[in-house]
Amino acid sequence: MQGTNKLRGPSAVVQGATIEVEVLSQDKTVEVSTGGPPTSYPVGPDGKVSIPTPPGFTGFVSVSVGHDLNRQVILVEIVAPSP
Amino acid sequence: MRLEPVYVLGPKPKPPSIPTRRAFLIAAGAFGAGVGLGGVGGYVLEIDGPTSDSPRPTGDVLLDELQRLAVEAPIEELAARYAFFLSFIPSTYPRDAVLWRGAGRLAEYVIATERLHDRRTVAQWLAQVIESGDPVAAASLRSRISQLRAIR
């Protein structure tokens, strides 16, 4: 696990799994990017978000919460499943 | 006996031509003035044009801070805040030349610094941001992608 004071999540997940993150602030959405324009995901009432991993993708995904100078970011690695 | 003037029809007289040396000096002066004016015009365009990559106050507090990180902050500070810094390129300022200059500075540092904390993560993430970046704004950094991806 890794995290900031606003966001907690795994350091790595296996391709095809979901990234489960916990938002510890009052933010209503998180933004997810693989390096390009981000996609927004709503934060559930329990402060949790399930983010599907992009099909066939390995590499890093950024998950961010907060706006402007208050943004906090974690990077989650998507790894290929062991053969 | 009396002498009368006689008028003979002749070719129209040509105006005296400018001596070669003077013509050369005039042309050289005009060329020099053109170069000077062109230079001034180019300088003004560089400052005010959209391709400028030098930081200057923008009136946008976030962009000012990111531009400071990009080109003015110590490289160690930029490297420590890379995830924050790089997150705004795809999401908010995809074509800002100063921020891309910062990304280039970060790339050079990551490639050159073997003992950098989280070096592989920084390198891979930076490669992804460059690869997905604006084709024109990120063009000069594309040659770094293979070097960044090779960091394990």
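Residues numbered from 1 in each chain as written. Chains lettered and ligands numbered in written order. Predicted model: local features only at pLDDT ≥ 70, side-chain atom pairs only at ≥ 80, totals over all residues. Heavy atoms only, no water.

1. Some details on the layout of surface pockets
Once rolled over the atoms, a probe with the size of a water molecule shows which space is left empty.
Right, so step 1: Roughly 380 Å³ of internal volume is contained in the largest pocket.
Right, so step 2: Along its surface, the largest pocket is lined by 23 residues, and A:Q2, A:L75, B:Y82, B:D118 and B:T121 are the ones closest to its centre.
Right, so step 3: Broken down by secondary-structure element, the contributors of at least two residues to the lining of the largest pocket are β1 (2-3) and β9 (72-79) of chain A together with α3 (75-80), α4 (82-91) and α6 (119-132) of chain B.
Right, so step 4: Taken together, the residues of the lining of the largest pocket break down into 13 nonpolar, 6 polar and 4 charged. (1 Å grid on protein atoms, 1.4 Å probe; cavity = no way out; pocket = protein on both sides within 12 Å on 5 of 7 lines; lining within 4 Å. Points joined across faces, edges and corners; volume = space filled by probe spheres on them. Helix = DSSP H or I, 4+ residues; strand = E, 2+ residues; numbered from the N terminus. Nonpolar A, V, L, I, M, F, W, Y, C, P; charged D, E, K, R; others polar.)

2. Section: empty space enclosed by the protein
Right, so step 1: Summed over the entire model, instances satisfying the criterion amount to 1 cavity of 30 Å³ or more.
Right, so step 2: Roughly 60 Å³ of internal volume is contained in the largest cavity.
Right, so step 3: Contributing to the lining of the largest cavity are A:E31, A:V32, A:S33, A:G36, A:P38, A:S62, A:S64, A:R71, B:S87, B:P90 and B:S91.

3. A closer look at the confidence of the model for chain A
Right, so step 1: Of the residues in chain A, 100% have a pLDDT of 70 or more, and the chain-wide mean is 95.
Right, so step 2: When the elements of chain A are averaged for pLDDT, β1(A) gives the smallest value, 88, and β9(A) the largest, 98. (pLDDT = per-residue confidence, 0-100.)

4. What about the interface of chain A and chain B?
Right, so step 1: Each partner contributes to the interface: chain A provides 18 residues, whereas chain B provides 18 residues.
Right, so step 2: Summed over both partners, the interface of chain A with chain B comes to about 1,400 Å²; 67% of that surface belongs to carbon and sulfur atoms.
Right, so step 3: Taken together, chain A and chain B are joined by 1 salt bridge.
Right, so step 4: For B:R120, the salt bridge is made with A:E77, and the minimal N-O distance between the two is 2.6 Å.
Right, so step 5: Linking chain A with chain B are 5 residue pairs in polar contact (both at pLDDT 80 or more), by the criterion used here.
Right, so step 6: Looking at the side of chain A that touches chain B, the elements with two or more residues in it are β5 (29-33), β8 (59-65) and β9 of chain A. (Contact = heavy atoms within 4.5 Å. Buried area = accessible area lost by both parts, 1.4 Å probe. Salt bridge = Lys/Arg side-chain N within 4 Å of Asp/Glu carboxyl O. Polar contact = N/O pair within 3.5 Å; in protein donor to acceptor, adjacent residues only side chain to side chain.)

5. Section: the packing of α4(B) against α6(B)
Residues and elements named next belong to chain B.
Right, so step 1: Interhelical geometry of α4 versus α6 gives an angle of 10° and a closest axis separation of 11 Å. Taken together, the axis directions place α4 and α6 in an arrangement best described as roughly parallel. Between α4 and α6, the residues in contact are Y82, L86, I89 and P90 and T121, V122, W125, L126 and V129, respectively.
Right, so step 2: Of the residues that constitute the contact of α4 with α6, the class distribution is 8 nonpolar, 1 polar and no charged. (Axes fitted to C-alpha atoms, helices over the stretch in contact; angles between N-to-C directions. Parallel < 35°, antiparallel > 145°, perpendicular 65-115°, else oblique.)

6. Description of the nonpolar core
Right, so step 1: Grouped together as the largest cluster of nonpolar side chains are 42 residues, with contacts concentrated most on B:F85, B:L86 and B:L106.
Right, so step 2: Elements represented by at least two residues in this core include exactly β9 of chain A together with α2 (61-71), α3, α4, α5 (97-112), α6 and α7 (145-149) of chain B.
Right, so step 3: The element contributing the most residues to this core is α5(B), with 8 residues.
Right, so step 4: With near-sequence residues (within four places) excluded, B:L86 lies in contact with B:A103, B:L106, B:W125, B:L126 and B:V129.
Right, so step 5: In terms of nonpolar packing, the next biggest core, distinct from the first, is built from 17 residues, A:L7, A:I19, A:V30 and A:I51 among them. (Core = buried A, V, L, I, M, F, W, Y, C linked by side-chain atoms within 4.5 Å. Buried < 20%, exposed > 50% of the residue type's maximum accessible area, 1.4 Å probe, protein only.)

7. What to know about the environment of B:V71
Right, so step 1: Assignment of secondary structure puts B:V71 in helix α2.
Right, so step 2: Linking B:V71 and B:R101, residues 30 residues apart in sequence, is a C-alpha distance of 7.1 Å.

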